[in-house]
4 protein chains.
Amino acid sequence: MDAMKLHIEPSSPDPIYRQIVGQITRMIAAGQCPPGTRLPSVREVAAAHAINPMTVSKAYAQLETQHLLERQRGKGMVVADRTQGVTSMEERLQALDPALRDLARQAQELALPVDQVIDALRKLMKDS
Amino acid sequence: MDAMKLHIEPSSPDPIYRQIVGQITRMIAAGQCPPGTRLPSVREVAAAHAINPMTVSKAYAQLETQHLLERQRGKGMVVADRTQGVTSMEERLQALDPALRDLARQAQELALPVDQVIDALRKLMKDS
Amino acid sequence: MDAMKLHIEPSSPDPIYRQIVGQITRMIAAGQCPPGTRLPSVREVAAAHAINPMTVSKAYAQLETQHLLERQRGKGMVVADRTQGVTSMEERLQALDPALRDLARQAQELALPVDQVIDALRKLMKDS
Amino acid sequence: MDAMKLHIEPSSPDPIYRQIVGQITRMIAAGQCPPGTRLPSVREVAAAHAINPMTVSKAYAQLETQHLLERQRGKGMVVADRTQGVTSMEERLQALDPALRDLARQAQELALPVDQVIDALRKLMKDS
DNA sequence: GTGGTCTAGACCACC
DNA sequence: GTGGTCTAGACCACG
């Protein structure tokens, strides 16, 4: 149930509602949220991250428009049944591509050796 | 002279002027632009990337405020002499940290195995 | 330019932003707003109808999502080029169907003779 | 007895309880339900249309407040005796006005010719 | 309890 | 000037 934990970066240039959309989209794509999974309520998310309910609502509404989520009257949002969101590993790697390219370019601009970057990344990914 | 090539991603959530500031900051930090290096003019950059000159100007102004760039009468902007911007590799790795963490989190949300991600990254960094 | 006049019914059960979406959608479907037509700015619409700019913005954002409108940086919204919104008269009659059925049912519940209703409607449509 | 058949459109922007109130109001206004007519019970309506009993109850309560319905111990709701709800045809035509105006405006936005709309409406009203 | 809509007003990014 | 995002708080519809 709390596999649905969200991470919000308030100082990110990426707007909060889009961060939420992105995270949920990725987790559904990876099959980490099978159809029917209940999402935390708008108010829960808002309280947990000290953000405005409307911001969360905006994210949920957008995901509903994309048919990734469904609204259950009086019960909240759940992952849609026809989860056309689930994708293969190749497609998921593709979804990661922009972030990879961004990292690679920044590393190059910082003149950092490949191995240093790889090491740092591996360490971060093991921790989580 | 054209070590100063900039890469702009118009569709990025990161605003354009901040992309420019970030790139130049990183390249100066890595010592890739020794003091005195001339920057392309506002108009050149604007024309090359089909963006508004004001956007470029805003970025340059911000870098001047940070004393990373200096305005030289009739010659445009150059990298500042007292380049307090150059930093050690450790500090540069730290500068990469947000991008690394973002990538790691996205990869985890996508349920991608560490090695797949590392491979993709290594490939990208070799190419460039 | 002011073919784009909007009509807002604040007391309608249909939310305001949806009224706006509906009207613009219909006018585009009917080809009344050729691609490139500029829409009144968010602030203009908000001021003209004494509603909140965010309400208008929400409508525009939704139309942008449906690719009926495009955003021109700093210049406002315009009707999209690839106006896949334009439809045949048959399809437009179909779009009118819910309103027709609603009217027919209300008339029946009110036990109003067909001709009276038709007369009233004809009169209204001539006036406009 | 089943002249009191209700039609519910769950996807309508008009909330369900208001649909119920509207229909019953109109039918009483037209004299289609003489005083004393029994209404289907809250449970019957709720079951028949798969809606929440509270929604039906809310509609009935509102009609009772307007003195169009009366609660009879052990017998449920009936149409009120002093049916001040019955109105002349002129008044009933006036009650239809909002729906007529809405239809006319939509038709105009869709650039549909008057005769086409009239034809479609006449066809619908004959069928029912 | 759930989400939806709206307001009033602030600040940001871009042209 | 344009639209976008966010906040704080209100009220509504539905279960």
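Residues numbered from 1 in each chain as written. Chains lettered and ligands numbered in written order. Predicted model: local features only at pLDDT ≥ 70, side-chain atom pairs only at ≥ 80, totals over all residues. Heavy atoms only, no water.

- As recorded in an unreviewed UniProt entry, chain A goes by GntR family transcriptional regulator and comes from Pigmentiphaga aceris.

## Digging into the domain arrangement of chain A
Part 1 of the reasoning: Partitioning chain A into structural domains gives domain 1 (3-79) and domain 2 (89-127).
Part 2 of the reasoning: For domain 1 of chain A and domain 2 of chain A, the distance between their C-alpha centres works out to 26 Å. (Domains from an automatic or database assignment.)

## Examining the protein's contact with DNA strand E
Part 1 of the reasoning: Near DNA strand E you find 27 residues, and of these A:Arg43, B:Pro15, C:Ile16, C:Asn52 and C:Thr55 are the closest.
Part 2 of the reasoning: The sugar and phosphate moieties of DNA strand E supply 69% of its atoms located within 4 Å of the protein.
Part 3 of the reasoning: Between DNA strand E and C:Lys58, the relevant distance is 3.4 Å, taken from a phosphate oxygen to a side-chain nitrogen or oxygen of the residue.
Part 4 of the reasoning: Among the secondary structure elements, those contributing two or more residues to the surface near DNA strand E are helix H2 (42-49) and helix H3 (53-65) of chain A, helix H1 (16-29) and helix H3 (53-65) of chain B together with helix H1 (16-29) and helix H3 (53-65) of chain C.
Part 5 of the reasoning: Of the residues contributing to the surface near DNA strand E, the split by class is 11 nonpolar, nine polar and seven charged. (Near = heavy atom within 4 Å. Polar contact = N/O pair within 3.5 Å; in protein donor to acceptor, adjacent residues only side chain to side chain. Helix = DSSP H or I, 4+ residues; strand = E, 2+ residues; numbered from the N terminus. Nonpolar A, V, L, I, M, F, W, Y, C, P; charged D, E, K, R; others polar.)

## Here we look at the relation of the copies chain C and chain D
Both copies of the chain are tied together by a single rotation about an axis and a shift running along it.
Part 1 of the reasoning: It takes a turn of 180 degrees to lay chain C on chain D, together with a shift of 0.1 Å along the axis; the resulting RMSD is 0.3 Å. The transformation relating the two chain copies, once decomposed into turn and shift, fits a two-fold axis. The rotation axis passes nearest to the C-alpha of C:Pro13 in chain C, at a distance of 2.9 Å.
Part 2 of the reasoning: Comparing interface residues between copies, 100% of those in chain C also lie at the interface in chain D; the contact surface is shared. (Least-squares fit on C-alpha atoms with pLDDT ≥ 70 in both. Contact = heavy atoms within 4.5 Å.)

## Concerning the arrangement of the chains
Part 1 of the reasoning: One thing to see here is that chain A and chain D don't touch, and their nearest C-alpha atoms sit 11 Å from each other.
Part 2 of the reasoning: Considering only C-alpha positions, the minimal separation of the non-contacting chain B and chain D is 34 Å.

## Quick notes on the protein's contact with DNA strand F
Part 1 of the reasoning: Around DNA strand F, the structure places 27 residues, and the nearest of them are A:Ile16, A:Asn52, A:Thr55, C:Arg43 and D:Asn52.
Part 2 of the reasoning: Each atom of DNA strand F within 4 Å of the protein belongs either to a base or to sugar and phosphate, the latter forming 68%.
Part 3 of the reasoning: Residue C:Ser41 places a side-chain N or O atom 3.1 Å away from a phosphate oxygen belonging to DNA strand F.
Part 4 of the reasoning: The separation between a phosphate oxygen of DNA strand F and a polar side-chain atom of D:Arg18 is 3.0 Å.

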